[in-house]
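Observations on the model geometry
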Amino acid sequence: MQEDEPTGGEVNAVIKITEEKKKKERDEWSARLTSLAETQDKATFAAIFGYFAPRVKAYIVRLGMPLATAEEVTQEAMLSVWRKSHMFNSAKASASTWIFTLSRNLCIDRMRREKAVEYELPEEEPDPDQRDMSEHAIIEERMQNAIAQLPENQAQVLHLSYYEGKSHSEIADQLGIPLGSVKSRLRLAFSKLKAHWGEEE
């Protein structure tokens, strides 16, 4: 073993620290959501929105929601978090579990109304730290296969927007391209993905 190679004990220590950090983070967001229910403080909601909205949007996209409506459903989900925060019980679920479950249910309702998919999503809680990933892995693979067929410039802005949660202006700054080009590439990417998913169905 080389001198700089981590030992089993060191690896276990890192894992433990990582798990403790995740637990602390979950507890902090649960505390914020509980506070929101009690105070309806806009600054608290803004913090919750800023952290969870990009993650909810990426999750909804991975479930198979068409990209054109993913942002709309995300906004609806976060508005529901504001309106229904009094229903959150930290003794029963973490904030992330509660928010992702709420988002998933809204996504299913929209899919059923629009008949976007022909199958039922599993009933497990969609918290990324807790849910069974088998069903989502299948959907993720389908989405990745579709994205792989896009031109590189379109796939790049799509990844930055829907997987990293960056705004259109942030993408434009990062890539050094006009804001209009970002929007145009996303529109083209969506049109091609929509055609791809339509062919699969």
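Read on for an overview of the structure. (Residues numbered from 1 in each chain as written. Predicted model: local features only at pLDDT ≥ 70, side-chain atom pairs only at ≥ 80, totals over all residues. Heavy atoms only, no water.)

**Overview of the nonpolar core**
Ranked by internal contacts, the top residues of the largest apolar core, which has 43 residues, are Leu33, Ile48, Phe52, Val81 and Ile99. Elements represented by at least two residues in this core include exactly helix H1 (8-39), helix H2 (42-62), helix H3 (67-84), helix H4 (95-114), helix H5 (134-148), helix H6 (152-162), helix H7 (168-175) and helix H8 (179-200). If we skip the residues at most four places from it in the chain, isoleucine 48 touches Trp29, Arg32, Leu33, Leu36, Ala53, Met78, Val81 and Ile99. (Core = buried A, V, L, I, M, F, W, Y, C linked by side-chain atoms within 4.5 Å. Buried < 20%, exposed > 50% of the residue type's maximum accessible area, 1.4 Å probe, protein only. Helix = DSSP H or I, 4+ residues; strand = E, 2+ residues; numbered from the N terminus. Contact = heavy atoms within 4.5 Å.)

**Side note on the pattern of salt bridges**
Within the structure shown, the criterion is met by three salt bridges. Residues glutamate 71 and lysine 57 are paired through a salt bridge, measuring 3.4 Å at the closest nitrogen-oxygen approach. A residue pair is termed long-range when its members are at least 10 positions apart, and glutamate 71 in helix H3 and lysine 57 in helix H2 qualify at 14 residues. Note that arginine 110 and glutamate 76 form a salt bridge whose closest N and O atoms lie 3.6 Å from each other. Within this pair, whereas arginine 110 is found in helix H4, its partner glutamate 76 is found in helix H3, the two being separated by 34 residues in sequence. Overall, glutamate 76 belongs to the partly exposed group, its relative accessible area being 32%. Shared partners join several salt bridges into a network, and the residues in it are Glu72, Glu76 and Arg110. (Salt bridge = Lys/Arg side-chain N within 4 Å of Asp/Glu carboxyl O.)

**Remarks on the packing of aromatic side chains**
Throughout the structure, instances matching the rule amount to seven aromatic pairs. Between the aromatic rings of tryptophan 29 and phenylalanine 52, the centroid separation amounts to 5.5 Å while the plane-to-plane angle is 70 degrees, which identifies the pairing as edge-to-face. Separated by 23 residues along the polypeptide, tryptophan 29 in helix H1 and phenylalanine 52 in helix H2 bring together distant segments of the chain. A relative accessible area of 3% means that phenylalanine 52 is categorised as buried. Seen in terms of ring centroids, tyrosine 51 and phenylalanine 52 are 4.9 Å apart; in terms of plane orientation they differ by 85 degrees. Their pairing is edge-to-face. Aromatic rings pair up to connect Trp29, Tyr51 and Phe52 into one cluster. (Phe/Tyr/Trp six-rings, centres within 6.5 Å; stacked < 30°, edge-to-face > 60°.)

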